[in-house]
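Secondary and tertiary structure notes
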Amino acid sequence: MIIGGGPAGYAAALRGGLAGLSIAVVEKDKVGGTCLHRGCIPAKEFLETAAVYRTVEGAKEFGVITEAPSVEFAQSQARKQKVVDQLWKGLQGLMKKRKVTTYAGVGRLGPGRTVTVDDGTELVGRHVILASGSQPRSIPGFEVDGKLVLTSDEVLDLEKLPESAVVIGGGAIGCEFASMLSDLGSKVTILEALPKILPGCDADVAEVVARSFKRRGIDIRTGVAVSGHEPSPDARSTTVFFGDGEMVTVDSVVVSVGRRPCSADLGLEGTAVAVDPRGFVTVDEYMRTSEPGVFAAGDLVDTPALAHVGFAEAVLIIDQILGERAVPVDYSKVPWCIYCHPEVAFAGMSEQAALEAGYEVVTKKDPYGGNGRALIVGEPEGLVKVIAEKLPDGSAGRILGVHMVGPWVTEQLGQGYLSVNWEASATEVAQYIQPHPTLSETFGETVLALSGRGLHVG
Ligand code: NAI
């Protein structure tokens, strides 16, 4: 029995179904969850609209002459829905093919691994997987009304973009939306409580994004607290108060200060499943809750809130149910991809995290500015940074972290991810050739340079 059909829940269903387990999923909305309907997929579709617009606007440099381009956001919205619906249909078909039964409704766990659907249907599972996901968090003084104050849920349903917006929180969602809104013509201000945007990223990477944002006219205010907002008399705009008596008047406020787990409606009170003070279901490294036979995965547990982490956790659970070898997820080395412009992708430790963990490190940064393909595609902004453990002779040993910012880095992280997780040394990875001309040569050059023999860079 699986409660929740998002990435964690549906991955468990698909994996279990393929192995011949009898699987039922209880889903209150649509299978695919936040990722497919209100997150990864729709957000990246809008970011792609922004990328296409940037390309068309810059076409003249390539000798391609176009009329002055403009954005019809309703068309992008329609296209987004088409992409989402196609994937949704595919997922439903796949679940059917794997003989997964889906129940529509809110599922609640009771004692003895019973799951009750709100239409009264009662089901008993030999194993239960809780995967009810998360929802956007808000902050006091910013009640989400879907008109002036929005979260990612509402932004992704807009038919028309605001002319100006404040984005509260400069994390993954904040930076993706700020980038998209700004590229499509909105005047954007980011208000971030911490000293820098993308606080979870390596400082050099976050700096490249901040510089690009500022150059494109995004006003980044860091180290500021927001205290509230006051709508205009006609309720078409609102004034946001922040910092030391500062204010900005905008059409929309986008709140992106993190997400909270949806554990309240799971009926856990009558069970032994433990929940921490923030609402996350407590699990061990094998995703087992404190109730025998009940597992939890995805955004409902306190692990990185990423669809692919949910997939990995689902596989881990099903492999245990099948009695196969199950390897816990190493959360310190999962891949991260942020799709703002320029894109960010990384795996493993940032330089700061490595130093804090007590490592002596050797690092190497190589900008995309010297990469032929980056110049050809007109995207020379960005860099690759590799952090390696320093060997006693001062040379670079095991690769601890690979951090990228720049053109299509979300598609380039694979080698970096593999290097970190394979615990490969810089010298080992440097032996592999990169096709030329490709963007991936920058990673190759960085590792070559780390091994002491850079071809194009020192
Ligand atoms: P986040 O935790 O990544 O960032 C929230 C940001 O808001 C932080 O920088 C934090 O310092 C700031 N903040 C918190 N309270 C604030 C306040 N009162 N005023 C100003 N700033 C404040 O959360 P986000 O961006 O909402 O994303 C939620 C989750 O979704 C994350 O865990 C993220 O991993 C995941 N996600 C991942 C994406 C990706 O990998 N491409 C894209 C979107 C979301």
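This structure is a prediction, so every number in the text was calculated from the model and none was measured.

This next bit is on the overall build of the chain. For the chain, the helix and strand inventory stands at 13 helices and 23 strands. In summary, the chain has a C-alpha radius of gyration of 23 Å against a globular reference of 23 Å for 458 residues, a match within 12%. Each of the three principal axes of the chain carries a C-alpha extent, and together these read 65 × 65 × 45 Å. In the chain, which comprises 458 residues, the share counted as buried stands at 50%. In the chain, of all internal contacts separated by at least 6 residues, the share reaching a separation of at least 24 is 62%. Of the charged side chains in the chain, 42 are positive and 57 negative, and the gap between their average positions amounts to 4 Å.

A few words on the sheet that holds strand 3 (residues 100-104). Strand order in this open sheet of 5 strands is 3-2-1-7-18, and the pairing throughout is parallel. Two strands close off the open sheet at either side, each with one partner strand: strand 3 and strand 18 (294-296). Here helix 1 (residues 7-18) sits on the sheet in contact with strand 1 (2-3), strand 2 (23-27), strand 3 and strand 7 (128-130), set at roughly 165° to strand 2. Contacting strand 7 and strand 18, helix 8 (residues 307-321) crosses the sheet at an angle of about 160° to strand 18.

Within a regular strand, the side chains alternate between the two sheet faces. For strand 20 (residues 343-348), the buried fraction is high: 6 of the 6 residues fall into the buried class. Bridge count between strand 19 (residues 336-338) and strand 20: 3 bridges; the pairing is antiparallel. Within strand 20, the residue paired with I338 across the bridge is V344. Hairpin connection between strand 19 and strand 20: a loop of 4 residues separates the two successive antiparallel strands. Relative to strand 23 (residues 396-406), strand 20 is paired through 6 bridges, and the arrangement is antiparallel. Each residue of the ladder has a partner; that of E343, found in strand 23, is G406.

Our next topic: the site of the ligand. Around the ligand lies a shell of 24 residues, among which I173, E176, E192, G258 and C337 are the nearest. At 3.2 Å from an oxygen atom of the ligand is found a main-chain nitrogen or oxygen belonging to A172. Contact between the ligand and E192: an oxygen atom at 2.6 Å from a side-chain N or O atom of the residue. Against a free-state accessible area of 840 Å², the protein chains account for coverage of 78% of the ligand. Of all the elements in the fold, those that place two or more residues in the shell around the ligand are helix 6 (172-183), strand 11 (187-192) and strand 19. Of all the elements, helix 6 adds the most residues to the shell around the ligand, at 4 residues. A class-by-class count of the residues in the shell around the ligand yields 15 nonpolar, 6 polar and 3 charged.

Bringing the pattern of salt bridges into the picture now. Counting across every chain of the model gives 24 salt bridges. Of the charged contacts, one joins R38 and D29 as a salt bridge, the two residues approaching to 3.4 Å between their closest N and O atoms. Its salt-bridge partner being E360, residue K390 comes within 4.0 Å of it at the nearest N-O pair. Here the residue K390 occupies a position in strand 22 (residues 383-390), and E360 occupies one in the loop between helix 9 (351-356) and strand 21 (361-367), the gap between them amounting to 30 residues.

The subject of this paragraph is the packing of aromatic side chains. Each aromatic ring pair is specified by the distance between its two centres and by the angle formed by the two planes. This structure, assessed with the given rule, holds 3 aromatic pairs. Aromatic side chains W336 and F346 sit 6.0 Å apart centroid to centroid with 5° between the ring planes, which places their arrangement in the stacked category. Placement of the pair is W336 in strand 19 and F346 in strand 20, with a sequence separation of 10 residues. A relative accessible area of 29% means that W336 is categorised as partly exposed. Geometry around W88 places K30 over its ring, the cationic atom sitting 5.0 Å from the centre.

Turning our eyes to something else, we now look at the sheet that holds strand 6 (residues 122-124). Across the sheet, which stays open at both edges, the 3 strands sit in the order 4-5-6 with antiparallel pairing between neighbours. Each end of this open sheet is capped by a strand with a single partner; those strands are strand 4 (107-110) and strand 6. In this sheet, neighbouring strand axes are inclined to one another by 30° on average, regardless of whether the strands run parallel or antiparallel. Inspection of the sheet shows strand 5 (residues 114-117) paired to strand 6 by 3 bridges, in the antiparallel sense.

What follows concerns the packing of helix 1 against helix 8. Where helix 1 contacts helix 8, the two axes come as close as 8 Å, and the packing angle between them is 40°. Judged on the interaxial angle alone, helix 8 and helix 1 are oblique. The two elements helix 1 and helix 8 cross, and the hand of that crossing is right-handed. Residue-level contacts link P7, A8, Y10, A11, A12, R15 and G16 of helix 1 to A307, G310, F311, A314, V315, I318 and D319 of helix 8. Per-class residue counts for the contact of helix 1 with helix 8 are 10 nonpolar, 2 polar and 2 charged.

With respect to the element layout, S256 can be found in the loop between strand 16 (252-255) and strand 17 (259-261). In this structure the side chain of S256 is engaged in a polar contact, spanning 3.1 Å, whose partner is the backbone oxygen of G169. Beyond its immediate stretch of four places on either side in the chain, S256 contacts V167, I168, G169, I173 and G174.

Taken as a whole, the chain is organised into domain 1 (2-136 + 260-331), domain 2 (149-257) and domain 3 (342-450). The C-alpha centroid of domain 3 is placed 31 Å from the C-alpha centroid of domain 1.

Structurally, S76 is set in helix 4 (residues 73-97). Setting aside its immediate chain neighbours within four residues, S76 contacts E45, F46 and T49.

Here the focus is the nonpolar core. M95, L109 and L130 are the most contacted members of the largest nonpolar core, which has 45 residues in total. The set of elements that each furnish at least two residues to this core consists of strand 1, helix 1, strand 2, helix 4, strand 5, strand 7, strand 18 and helix 8. Here this core gets 6 residues from one element, more than from any other, and that element is helix 1. Sequence-distant contacts of M95, that is, excluding residues within four places in its chain, are made with Y10, A13, L14, V25, V31, V100 and T102.

About the criteria used
Sequence order as written defines the numbering, with residues in each chain counted from 1. The model is predicted, so local features are restricted to residues of pLDDT at least 70 and side-chain atom pairs to those at 80 or more, both for listing and for counting; the totals for chains, interfaces and linings are taken over all residues. Note that water and hydrogens are dropped before the side-chain values are worked out from all heavy atoms of the structure. The way it works is that DSSP assigns letters per residue, a run of H or I at least four long becomes a helix, a run of E at least two long becomes a strand, and they are numbered from the N terminus. Using C-alpha atoms as the atom set, the radius of gyration is obtained and then compared with a globule rule of 2.2 Å times the number of residues to the power 0.38. Only protein chains enter the calculation, and the probe is 1.4 Å; a residue is then buried if its accessible area is under 20% of its type maximum, exposed if over 50%, and partly exposed in between. Only heavy atoms matter for contacts: two residues are in contact if any of them lie within 4.5 Å across the pair. Charged residues are defined here as Lys and Arg on the positive side and Asp and Glu on the negative side; His and the ends of the chain fall outside this count. All charge positions are set by atom: Lys at NZ, Arg at CZ, Asp at CG, Glu at CD. Two strands qualify as a pair provided DSSP detects at least 2 bridges between them. Whenever a helix is involved, its axis is fitted only over the stretch in contact; in every case the axis is a line through C-alpha atoms, and angles between N-to-C directions fall within 0 to 180 degrees. Working definition: residue near molecule or strand if any one of its non-hydrogen atoms lies within 4 Å of it. Two N or O atoms count as a polar contact when they lie within 3.5 Å, although within protein this holds only if one can serve as hydrogen donor and the other as acceptor, and sequence-adjacent residues are included solely when both atoms are side-chain atoms. All accessible areas in this document rest on Shrake-Rupley with a 1.4 Å probe, and a residue is counted as covered only by the protein chains that are shown. Amino acids outside the nonpolar list (Ala, Val, Leu, Ile, Met, Phe, Trp, Tyr, Cys, Pro) and the charged list (Asp, Glu, Lys, Arg) are all regarded as polar, and Gly is one of them. Any Lys or Arg side-chain nitrogen found within 4 Å of a carboxyl oxygen on Asp or Glu counts as a salt bridge. Aromatic rings from Phe, Tyr and Trp, with only the six-membered ring used for Trp, were paired whenever their centres fell within 6.5 Å, and each pair was classed as stacked if the ring planes differed by under 30 degrees, edge-to-face if by over 60, and tilted otherwise. As a reminder, the over-ring test applies to NZ of lysine and CZ of arginine, requiring each to be within 6 Å of the ring centre and within 35 degrees of the ring normal. Each angle receives one of four descriptions, namely roughly parallel if under 35 degrees, roughly antiparallel if over 145, roughly perpendicular if within 65 to 115, and oblique otherwise. If you view the pair so one helix is near and one far, a crossing is left-handed when the near helix is turned anticlockwise from the far one by less than a right angle, and right-handed when it is turned clockwise. Either an automatic procedure or a domain database provided the assignment from which the domain bounds are taken. As used here, the term nonpolar core means buried Ala, Val, Leu, Ile, Met, Phe, Trp, Tyr and Cys residues forming a set that is joined through side-chain atoms within 4.5 Å.

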